[in-house]
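# Report on the structure
Here is what each chain is made of, one letter per residue.
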Amino acid sequence: MINILYFISTLSYSDGVTTFVLNLIRNLDLSKFRISILCSDVRTSKDYLSELQNLGVSVYFVKSPGKDGFRLFLNDVKTFFADNHNFDIVHCNTTSSGAFVLKEAKRYNIKTRILHAHATKNAESFMKNIRNSLLKFIALRNSNQRFACSNLAGKYLFGKKSFYLIHNAIDYSKFKYNEDYRIELFNKYSLDKDSKIIGFVGRFAEQKNPEFAINLMDHLNENFLLFILGAGPKEESIKNKISKSMAKNRIFLIGEVSDTYKWYSFFDFVVMPSFYEGLPLVGVECQIAGCKLICSTKVTKEVKISNNTFFAELDNVDKWIELLSENRQSSRYVNPENDYEIKCETKKVEELYERFCK
């Protein structure tokens, strides 16, 4: 049996990388693989934790480098590997904090150390960018296998070095459009049938640029409603932004939800005004549900897996309004290729794991 440790930053619903890793674990052949997770943030979904325990997955926590500081985080990582280093594979899904995880994995001679690229930029701020550039160097030096969620993410992190393209895949059957879900949520919020529903789904962080979605509402007519799903460090800032919006009565801050798949059938549009993305899982999920996806041009073009995806510059608000105001597509039923179907991608990953451990 192959013993695998996944390193992720959080077990929160609103984190796309976490969703990807859990999708993968759910579909792995657990008669071949023994799974553990190392997590550096206490923001943990009880449902996720319960599900992982039922699957026989061991979950460990270390201090958060963001909240507790890198020194305490590093001490915890060192202690963890001193007590737990009987792994065949360490699959690291974050570059900055993951640098130290990979370093300790190498110290204990763990054979396969995977660095998985999920982003296309170090950080938002100048100082964090400098810090993360150094951590990126450490991560690259201590890994010996390379995965990426998109070509853009892979080229950003690995440069000219080769990497395996592992798509951020989902269970298509779960996310396909369902009229019952749409009716359920329309009734829950007592909405007029002519309402046009915009969704924003993601972490409340600088990268995701949630304020932009709120600003859009000031330019749209009374038929448009915005539902914001997620959580994160900018929550108070977002609440304050909504309270000052002229459209505040048409903006709903929902928080984290465990049934995101239902909401995509409710949404007519999903907006993704991010400053950068590797390949956002939300973009794949909403397209399978037939939503019209409008992204900033900072999002990789690889997210477009249907004809319902459009791109606009962040400084061209008129274009965003135009795309939102157009009549939506005639059908919500899409048939994408299997590149983003979780069972296909899991099979690919299983084969790579087995090859690495021969």
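So, here is what we can say about the structure in this document.

### Regarding the overall build of the protein
Per the secondary structure count, the protein includes 15 helices and 13 strands. For the protein, the C-alpha radius of gyration of 20 Å lies close to 21 Å, the compact-globule estimate for 358 residues. With the C-alpha coordinates of the protein rotated into their principal frame, the extents come out at 60 × 40 × 40 Å. The 358 residues of the protein split such that 54% are buried. When contacts within the protein are restricted to residue pairs at least 6 apart in sequence, those whose partners lie at least 24 apart make up 70%. Accessible area for the protein stands at about 16100 Å²; split by element, carbon and sulfur atoms hold 47% of it. Side chains of the protein carry 50 positive and 41 negative charges; the gap between the two charge centres is 7 Å.

### Some thoughts on the side chain of Asn23
Residue position: Asn23 is located in helix H1 (residues 16-27). Not counting residues within four places of it along the chain, the set of residues in contact with Asn23 comprises Ala169, Ile170, Leu281 and Ile342.

### A short note on the packing of H1 against helix H2 (residues 46-54)
Where H1 meets H2, the closest approach of the two axes is 11 Å, and the angle between their N-to-C directions is 25°. Judged by the inter-axis angle, H1 sits roughly parallel to H2. Judged by the sense of rotation from one axis to the other, the crossing of H1 with H2 is left-handed. Of H2, the residues touching H1 (which contributes Thr18, Thr19, Leu22, Ile25 and Arg26) are Tyr48, Glu51 and Leu52. Partitioning the contact of H1 with H2 into residue classes produces four nonpolar, two polar and two charged.

### Description of the packing of helix H10 (residues 210-217) against helix H11 (residues 235-243)
To characterise two packed helices, one gives the angle between the axes of the helices and the distance between these axes. Contact geometry for H10 and H11: axes closest at 10 Å, N-to-C directions at 10°. With respect to their mutual orientation, H10 and H11 come out roughly parallel. In contact with Pro210, Glu211, Ile214 and Asn215 of H10, H11 contributes Ser237, Ile238, Lys241 and Ile242. The class makeup of the residues in the contact of H10 with H11 is four nonpolar, two polar and two charged.

### Side note on unusual backbone geometry
Among all residues except glycine, the phi angle is most often negative; among peptide bonds, the trans geometry is most common. Here Asn109, not a glycine, exhibits a phi torsion of approximately 60°, which is positive. As for its position among the elements, Asn109 is in the loop between helix H5 (98-107) and strand S5 (112-117). A positive phi angle, close to 50°, is found at Ser190, a residue other than glycine. On the secondary structure map, Ser190 appears in the loop between helix H9 (179-188) and strand S8 (196-201).

### Details of helix H7 (residues 151-158)
Taken together, the buried positions of H7 are occupied by Ala153, Gly154, Leu157 and Phe158. Angular distribution of buried residues about the axis of H7 spans 100°; they occupy a single face of the element.

### Description of the nonpolar core
Ranked by size, the top nonpolar core spans 60 residues in total, and within it Phe81, Phe227, Tyr264, Phe266 and Phe267 carry the most contacts. Ignoring anything within four residues of it in the chain, the contact list for Phe81 reads Leu5, Val90, Val101, Glu104, Ala105, Tyr108 and Ile110. Ile2, Ile8, Leu22 and Phe33 belong to the second largest nonpolar core, which has 27 residues in total.

### With respect to the pairing of S5
Counting buried positions along S5 yields six of six residues, so the element is predominantly enclosed. Covered by surrounding structure in S5 are Thr112, Ile114 and His116 together with Arg113, Leu115 and Ala117, the residues of both alternating faces. Pairing analysis gives four bridges linking strand S4 (residues 89-92) to S5, with the strands arranged parallel. From the neighbouring strand, Ile89 faces S5, where its bridge partner is Thr112. In this fold, the crossover linking S4 to S5 by way of H5 has right-handed handedness. Examined bridge by bridge, S5 and strand S6 (residues 145-148) share four bridges and lie parallel to one another. Looking across to S6, one finds that His116 is bridged to Phe147.

Each value, and the rule that gives it
- Residues numbered from 1 in each chain as written.
- Predicted model: local features only at pLDDT ≥ 70, side-chain atom pairs only at ≥ 80, totals over all residues.
- Heavy atoms only, no water.
- Helix = DSSP H or I, 4+ residues; strand = E, 2+ residues; numbered from the N terminus.
- Rg over C-alpha atoms; globule rule 2.2 N^0.38 Å.
- Buried < 20%, exposed > 50% of the residue type's maximum accessible area, 1.4 Å probe, protein only.
- Contact = heavy atoms within 4.5 Å.
- Areas by Shrake-Rupley, 256 points an atom, 1.4 Å probe, with all protein chains shown as cover.
- Lys, Arg positive; Asp, Glu negative; His and termini not counted.
- Charge placed at Lys NZ, Arg CZ, Asp CG, Glu CD.
- Axes fitted to C-alpha atoms, helices over the stretch in contact; angles between N-to-C directions.
- Parallel < 35°, antiparallel > 145°, perpendicular 65-115°, else oblique.
- Left-handed = near helix turned anticlockwise from the far one by under 90°.
- Nonpolar A, V, L, I, M, F, W, Y, C, P; charged D, E, K, R; others polar.
- Arc of directions from axis to C-beta.
- Core = buried A, V, L, I, M, F, W, Y, C linked by side-chain atoms within 4.5 Å.
- Pairing = 2+ DSSP bridges.
- Right-handed = clockwise from strand over helix to strand, strands pointing away.

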